[in-house]
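Remarks on the overall topology
What follows is the residue order along each chain.
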Amino acid sequence: MALKPGFMYKFPWEDMGTFKYLLFVPYVATVAMGCDDADDWAFHMLVIAAFRYVHAQFWISLSRIHAITQHSKIQAKGIDFKQVDREDTWDDYIILQLIVMTLVHKCPGLGYGGWPIWNAAGMWQTLLLHAGPTEFVYYWLHRALHHHSLYRAYHSHHHASFVTEPITGSVHPFAEHLMYTANFAIPLLGTWAFGGASWTSFYAYLIGFDVLNNIGHCNFEFVPRWFMNLPGVKYLIYTPSYHSLHHSKVHTNFCLFMPVYDLVYGTLDPTSHTLYAKAMDGQAAPNVAPDVVFMAHGTELLSLFHLPFALRSFSSRPFKSAWWLQPLLPLCLPVVAVLRLVGRPFVADKHRLLHLNCSTWVTPAWGFQFFIKSEFGHINRKIEQAILEADRTGTKVVGLGALNKNESLNGGGQLFVDKHPDLKVRVVHGNTLTAAAILHKLPSGVKEIFLTGATSKLGRAIALYLAARGVRVVMYTTSTERFEKIRGEADEKHRGNIEQATTLEDGAGIMDWVVGKYCSAKDQSKAPKHATFHQFVVPPIPESRKDCVYTDLPAFRLPKAAKDFRSCEMTMERGHVHACHAGALVHALEEWTENEVGAIDPTRIDLTWEAALKHNFTLA
C-alpha cells in the first residue's frame, strides 16, 4: 500500500475479490452465443488476455526456479508474504485495458477497427511511436510520480517491492494505471490514425510490452553479453539489473524500456553497466551454499502446483486440494513420469534464519511412491544424492522431512550415515522435537493415554518418555514381540506403566488418544465422548467426531528472525513449519555435532524442547 493513498487509489473492482473475473463473462458470452461483431473484437480481447496470463505465468515460474536464477541473481534478499499479497492484484491492468480498448472500439463514429491482419508500415509506425512519444511521456510522468506528494499517494505502492518479481511491473494504483494506459495507447491509436493499424501490430505491441515489462522486473540477469555489447544497444534497451537499481536507489534509471532518456536527462546511474557485468558473472548476489537443507517431497499429485515456482498465490497459502485444480490433474501425470525417469533433487525455496542460510529441497517423488517397495531403492538414491551434494558444498545439517525418513525406507536416515561414515554434514530426522511437540500438547497432569502407531519411532519414544514419568501408556499393537521389545527398554520399575492393547475397544475408557496411524471414522467411534485425538499421522485423520477434540499435526511457529518466507509448507499456516523441520533448524542453531537418525533417544526430548524455546520457536 502507498504511504498515504490518494484519490482513485483503489480499482473499482478491488472489493469484489476473485469475483472481478466476472468482468470477462460478457466477452465469453458474446463469443459463445455467436454475437461478436465483424472484427471479432470480443474474441480477440479474450485471446490477448489469455496470452498475457500465460506469458506472465511463464516469467513467474522462470524467475522462481533457482537452477536458472542462482548464478546471475541481482539482489540477494528474498520476498515475503506481505509482498506476495500486495502483488496478488497484478492482473488488474489486463481487465482495465480490456475495458478501455473495448470502449474506444465501441465509440460511435470513431471507427476503431476494421483492420487487416498485417501491415508492414504499421509495424514501423508502432515502433517509432513507442520509442518517441510514449517513452518520452513515460519518462517525465515517472519523474513526476517521484515527487514526494505523488510518491506518497501513489507510486510508493510499487516501490514497496524492493526486490522485484516479473509481475511487480504491473502492480500500481488505479489512478496510476489510468495514466499509463493513456500513454501506452499512443502507438495503438497513432498507428490507426496514420492508416497503418493491423491485428498483428495490435497483438505485437501489447504482448511485446508485457515481455519487456516482465524482463525488467526479473531479479536475475540473462540478457546476453554479445547483444549488450553491440554499439548503442545498452541505451536502446534496458536489462533487469538496470531497472533493479531504480528499485534499490529510487531516484535513478527512470526510463520505461530505453535508457537513452536517462542518458539525455542525466538520471542514468553510473553503476548500471557495472552491476550488469557483476550479475552476469554471479558476483552481484553470489550463490551461497545453504547451512541447513530440509528435504521435502510431493504428497498428492496436485501438490505439484503448490511449489513456489508453480502458482505463486496458491503456494503462499496452506495447501488444500481445491475444485479448480482438478482439471490440471492430467498435467501432473507426465511430470511424475519425467521426474521418475530423469528427476533429481531440486531447490524449492530459500530462506534465512539469523546467521543461517536455509533451503528447502524436494525429493522427486510423490507420497504414493513411498508405499511401493520396489520404489525404495530409487527414492533412497535420490535422497542420498541430495545428502552428498549438501556435504560437498559445506552444508551443516540436512533435515529429512515426512516420508523421506520412513523407518521401512531407510531406518530414519540411518542407512545414509552407515553407508557414508565420513559425512561432515549432519543428517537429522527431527523426530526428537516432533515427540516433544506431541508430548507438550497433552494436558498437564495426564494420567493415561491410548497410543496407536505405538511401535513406530515416535510411538516408542512417547511410550518410554511417559512411562518414565508415571503415565499409564496403553499401546495398541497386535505384535507382542515388538511390544515386548519396547517395554523391555524401559527401566524395570516403569515397565508396569506400559500395557498392550490388541483391539481399539481397549481405549474406550481413555480420554487422550495419541494417534500415529490412520484412524477411520469407525475406528474413532471406539473412543469415549469428549476424547481428544493428538495426532502425528500424515495425512491428518478426518475429524469425524463432533463430540471430540482434534489437535493439529505437531508444528512450530518460526522465530521473528526468520526471513524470506513466501510459500507455505504444505498444509502449515504461514510462518509455521513441521516439527521435524524446526528440529533440523534447532540442530544447526545449537551446532550439535551428532547425527539424529534411527531410534529417538527419549532422554534428549527435554533437551531438544528447551533448545527450541531458547531460539524462540513456539508450539503452533
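Residues numbered from 1 in each chain as written. Predicted model: local features only at pLDDT ≥ 70, side-chain atom pairs only at ≥ 80, totals over all residues. Heavy atoms only, no water.

Each helix and strand counted, the protein chain has 26 helices and 15 strands in total. Along the first, second and third principal axes, the C-alpha set of the protein chain runs to 95 × 55 × 50 Å. The buried share of the protein chain, taken over its 620 residues, is 54%. Counted over contacts in the protein chain with a minimum sequence separation of 6, partners at least 24 positions apart contribute 72%. Working note: accessible area of the protein chain is about 27,600 Å², and carbon and sulfur atoms make up 63% of it. (Helix = DSSP H or I, 4+ residues; strand = E, 2+ residues; numbered from the N terminus. Buried < 20%, exposed > 50% of the residue type's maximum accessible area, 1.4 Å probe, protein only. Contact = heavy atoms within 4.5 Å. Areas by Shrake-Rupley, 256 points an atom, 1.4 Å probe, with all protein chains shown as cover.)

Below, the discussion takes up helix α10 (residues 199-216). An α-helical segment advances 3.6 residues per turn. Residues three or four places apart therefore align on the same side. In this model α10 runs 26 Å from its N-terminal to its C-terminal C-alpha over 18 residues, within 8% of the 26 Å that 1.5 Å per residue would give. The complete set of buried residues in α10 reads Trp-199, Ser-201, Phe-202, Tyr-203, Tyr-205, Leu-206, Phe-209, Asp-210, Asn-213, Asn-214, Ile-215 and Gly-216. The secondary structure elements touched by the buried residues of α10 are α2 (41-64), α5 (92-106), α6 (120-145), α8 (174-184), α9 (186-193) and α13 (240-249). (Expected span 1.5 Å × (residues − 1).)

Further remarks concern the pairing of strand β10 (residues 532-535). With burial as the criterion, each face of β10 is covered, one bearing Thr-532 and His-534 and the other bearing Phe-533 and Gln-535. Where strand β9 (residues 512-515) lies against β10, four bridges are found, and the strand directions are parallel. In the strand pairing of β10, Trp-513 is matched with Phe-533. Pairing geometry for β10 and strand β11 (residues 549-550), over two bridges, is parallel. Looking at the pairing, Thr-532 lines up with Val-549 of β11. (Pairing = 2+ DSSP bridges.)

Once that is clear, we can look at the pattern of salt bridges. Under the defined criterion, the tally for this structure stands at 28 salt bridges. Notably, a salt bridge pairs Asp-92 with Lys-20, separated by 2.8 Å at the nearest N-O pair. Separated by 72 residues along the polypeptide, Asp-92 in helix α5 and Lys-20 in the segment before α1 (25-32) bring together distant segments of the chain. Lys-20 carries the same exposure label as Asp-92, and that label is buried. Here Arg-566 and Asp-349 are joined by a salt bridge, their closest N and O atoms 3.1 Å apart. In this pair, Arg-566 sits in the loop between β13 (562-563) and β14 (576-578) while Asp-349 sits in strand β2 (residues 346-353), placing the two residues 217 residues apart along the sequence. Per residue, the accessibility class of Arg-566 equals that of Asp-349, and both read buried. When salt bridges with common partners are traced through the structure, they connect Asp-85, Asp-88, Arg-312, Arg-317 and Arg-574 into a single cluster. (Salt bridge = Lys/Arg side-chain N within 4 Å of Asp/Glu carboxyl O.)

So, about the side chain of His-155. Mapping His-155 onto the fold places it in helix α7 (residues 148-159). Not counting residues up to four positions away in its chain, the partners in contact with His-155 are His-142, Leu-145, His-146, Leu-150, His-172, Glu-176, Tyr-180 and His-246.

Each aromatic ring pair is summarised here by two numbers: the centre-to-centre distance and the angle between the ring planes. If you walk through the whole model with that rule in mind, you get 39 aromatic pairs. For the pair Trp-41 and Tyr-112, a centre-to-centre distance of 6.3 Å together with 65° between the ring planes defines the contact as edge-to-face. Of the two residues, Trp-41 sits in helix α2 while Tyr-112 sits in the loop between α5 and α6, which places them 71 residues apart along the sequence. When sorted by exposure, Trp-41 lands in the same class as Tyr-112, which is buried. Summarising the aromatic geometry, the rings of Trp-115 and Trp-199 are spaced 4.9 Å apart at their centres and angled 65° between planes, so their arrangement reads as edge-to-face. (Phe/Tyr/Trp six-rings, centres within 6.5 Å; stacked < 30°, edge-to-face > 60°.)

Next up on the list: the sheet that holds β9. Taken in spatial order, the six strands make up an open sheet running β8-β7-β6-β9-β10-β11, and their pairing is parallel. In this open sheet, the two edge strands, each paired with only one partner strand, are β8 (498-501) and β11. Where helix α23 (residues 480-489) meets the sheet, it contacts β7 (472-476) and β8, and its direction lies at approximately 170° from that of β8. (Axes fitted to C-alpha atoms, helices over the stretch in contact; angles between N-to-C directions.)

Another aspect to go through is the sheet that holds strand β3 (residues 356-363). Pairing in this open sheet of six strands is mixed, and the strands run β5-β4-β1-β3-β2-β13 from one edge to the other. Where the open sheet ends on each side, the last strands, each with one partner, are β5 (426-428) and β13. Bridging between β2 and β13 involves two bridges; their strand directions are antiparallel. Pairing of Leu-353 across the sheet is with Ala-562, part of β13. Contacts from helix α18 (residues 376-393) reach β1 (292-297), β3, β4 (397-400) and β5, with the element oriented near 160° to β3.

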